[in-house]
Amino acid sequence: MTIARGLLVAGALAALADCTLQNRNEREADRITRAVIGNDLRPVQDDIAKGITITRVKVAQWSDELNAQGKLLSVKETTAGCDPGWHCFDVKFAKHDYVERMRFDENGKVVDWDFHMAR
């Protein structure tokens, strides 16, 4: 194996490992973030609790804000400063870091999700 091929394989394995090392909450936050960036919540609509209404206008506003931050780099769960009952995430974009918060109901469906630019 050449050095170049070895580096390529190592890079691919590292990328794959990074994806698989996310916990369930991180994967959910990542999916919602990507859906918002794409201005389309249909990929995650079954993950959102019944009765939660999010308008297309609101999703478009969120999408505009997050798209302005450049490429989504990572979503990592954190407990720092996280209120009881919430799951908090450090979200890194190319231009700015964000904090996301998410709450689940007793069935594991998302009932609250919000974000703001990190200070």
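Q: So what's going on with the side chain of Thr33? Residues and values would help.
A: With respect to the element layout, Thr33 can be found in helix H2 (residues 24-37). Setting aside anything within four residues of it in sequence, one finds Thr33 in contact with Leu66, Leu72, Phe93, Glu100 and Trp113.

Q: So what about the environment of His96? Which residues, and what values?
A: One can find His96 in the loop between strand E2 (87-93) and strand E3 (97-104). Given the relative accessible area of 36%, His96 is considered partly exposed. It is 7.6 Å that separates the C-alpha atoms of His96 and Ala118, two residues lying 22 residues apart in sequence. If we skip the residues at most four places from it in the chain, His96 touches Gln69, Val91 and Met117. A polar side-chain atom of His96 sits 2.6 Å from a polar atom in the side chain of Gln69.

Q: Mind laying out the packing of aromatic side chains, listing which residues take part and the relevant values?
A: Throughout the structure, instances matching the rule amount to five aromatic pairs. Taken together through their ring pairs, the aromatic side chains of Trp62, Phe93, Tyr98, Trp113 and Phe115 make up a single cluster. Note that Arg24 overlies the ring of Phe104, its terminal NZ or CZ placed 5.1 Å from the centroid. Across the ring face of Trp86, the terminal group of Arg103 is positioned such that the distance to the ring centre comes to 5.1 Å.

Q: Pulling in residues and values, what's your account of unusual backbone geometry?
A: The backbone of Asn39 shows a phi angle near 60°, a positive value even though the residue is not glycine. Along the chain, the position of Asn39 falls in the loop between H2 and helix H3 (56-67). Taking the relative accessible area as the measure of exposure, Asn39 reaches 41% and is therefore partly exposed.

Q: Let's hear about H3: which residues, and what values?
A: Between its first and last C-alpha, H3 extends 16 Å over twelve residues, near the 16 Å set by a 1.5 Å rise per residue. Close packing links the buried residues of H3 with H2, E2, E3 and strand E4 (110-117).

Q: Give me the sheet that holds strand E1 (residues 72-78): which residues, what numbers.
A: Strand pairing in a sheet relies on backbone hydrogen bonds. The paired strands run either parallel or antiparallel. Taken in spatial order, the four strands make up an open sheet running E1-E2-E3-E4, and their pairing is antiparallel. The open sheet terminates on both sides in strands that have one partner only, identified here as E1 and E4. Taking each pair of neighbouring strands and ignoring which way they run, the sheet shows an average axis angle of 20°. The sheet contact formed by E1 and E2 spans six bridges and is antiparallel. The residue bridging Ser74 from the neighbouring strand is Lys92, located in E2.

What counts, and at which threshold
- Residues numbered from 1 in each chain as written.
- Predicted model: local features only at pLDDT ≥ 70, side-chain atom pairs only at ≥ 80, totals over all residues.
- Heavy atoms only, no water.
- Helix = DSSP H or I, 4+ residues; strand = E, 2+ residues; numbered from the N terminus.
- Contact = heavy atoms within 4.5 Å.
- Buried < 20%, exposed > 50% of the residue type's maximum accessible area, 1.4 Å probe, protein only.
- Polar contact = N/O pair within 3.5 Å; in protein donor to acceptor, adjacent residues only side chain to side chain.
- Phe/Tyr/Trp six-rings, centres within 6.5 Å; stacked < 30°, edge-to-face > 60°.
- Lys NZ or Arg CZ within 6 Å of the ring centre and 35° of its normal.
- Expected span 1.5 Å × (residues − 1).
- Pairing = 2+ DSSP bridges.
- Axes fitted to C-alpha atoms, helices over the stretch in contact; angles between N-to-C directions.

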